[in-house]
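Residue-level structure breakdown
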Amino acid sequence: ESSVAVSAPFYAPSDMYITRMSRVADIGDEGGLPDYGITFYPCKEVSAYFDHLIVSEEIQVAFENAEEEFCEQYTLYYESGPRDWEYCRKELDIFIPKGTSLGTVGGGRDQKAVDVGIYDFRMTPHTLANPDRWQFYAEGNLPYVACALDYFPQDIQESYEALIPRSEAPVCGTVVQDLSGTAQGNWVPEGTSIHIGAENAFLALVHDNYDPSQAVFSIGTAVETIDYGEYTFTEKEEGLINRDFSDLLPSELYCYEELEPSGTGNTFDGIVLVQMTSENTLSIEGQEKNSR
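Residues numbered from 1 in each chain as written. Predicted model: local features only at pLDDT ≥ 70, side-chain atom pairs only at ≥ 80, totals over all residues. Heavy atoms only, no water.

**Some points on the packing of aromatic side chains**
Applying the stated criterion to the full structure yields 16 aromatic pairs. Both rings, one in Phe40 and one in Phe50, keep their centres 4.9 Å apart while their planes meet at 35°; by these two values the pair is tilted. One end of the pair, Phe40, is in strand β3 (residues 35-43); the other, Phe50, is in strand β4 (residues 46-55), with ten residues separating them in the sequence. In this structure Phe40 comes out as buried when scored by relative accessible area, which is 4%. Taken together through their ring pairs, the aromatic side chains of Phe217, Phe233, Phe245 and Tyr256 make up a single cluster. Positioned above the aromatic ring of Phe63 is the side chain of Lys90, whose terminal nitrogen or guanidinium carbon lies 4.7 Å from the ring centre. (Phe/Tyr/Trp six-rings, centres within 6.5 Å; stacked < 30°, edge-to-face > 60°. Helix = DSSP H or I, 4+ residues; strand = E, 2+ residues; numbered from the N terminus. Buried < 20%, exposed > 50% of the residue type's maximum accessible area, 1.4 Å probe, protein only. Lys NZ or Arg CZ within 6 Å of the ring centre and 35° of its normal.)

Structure below.
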């Protein structure tokens, strides 16, 4: 069974300048309410966003009247099957005083929660293995992603952190895990355009967000021989089997076996072969187990 979050009013937490908005709509047969995202600046050096809003009529009209910056259709894959989406983004210049109604959150099939994100351009940027790959993703701000909870008053921050089942700092987790020269980090099929959050084509060889000691394969549709899902394994400190991704170096062929599903997704009863063919390219394949 599933439930729909109760609709709740949503207000501007501070004075803000809305500089960009996005709208995601289901263009298939399922319908659903349009899903809006708002990018705003609470101050000159910090960009923030709210996502999964049902915006107020005033803000919706401003979006409709703005000139289109970018629009693209794509498909995401779920346990229930594929769904077709259209993502459109527009630039705006609207001042919103603190306390102004931005609309509502919850209450719709695709508005079960509100996303909050922060990019702080004062911080030392995260290291990406290939920064040019990500210049259009998250509006090019990925190197400056920060934990939004750090910007709340201390009492509110602590109350939210208590809800996160992670004991190791940072409580928000580590978003950028690229480790240049190794297999650890995000991988994208060659020729893939990275403009929006349609991440089904990505491959991540990273560590779990709740248990950072656990390495995880996070696989979308990029690997034809492995069903999408998250897979964990028992790491080994030596040899070419079940090594941590940070240990993988170019040229060697590594094998992963006895993978366990983590979270939602499929099971995979086989082995995974991984080889870095250079410092910037990786080959991965799933194979069935041999028996006799």
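Anyway, onward from the coordinates.
**Quick word on the pairing of β3**
Pairing between strand β2 (residues 16-26) and β3: seven bridges, direction antiparallel. Counterpart to Arg23 in the pairing with β3 is Tyr36. Counting the residues in the hairpin turn of β3 and β4 gives two residues. (Pairing = 2+ DSSP bridges.)

**Some details on the sheet that holds strand β16 (residues 270-276)**
Here we have three strands laid out as an open sheet, ordered β14-β16-β17, and antiparallel in their pairing. Looking at strand neighbours, the two that pair on one side only are β14 (253-256) and β17 (282-288), the edges of this open sheet. When strand polarity is set aside, the average angle formed by the axes of neighbouring strands in this sheet is 20°. (Axes fitted to C-alpha atoms, helices over the stretch in contact; angles between N-to-C directions.)

What is shown is where atoms sit, not what they do.
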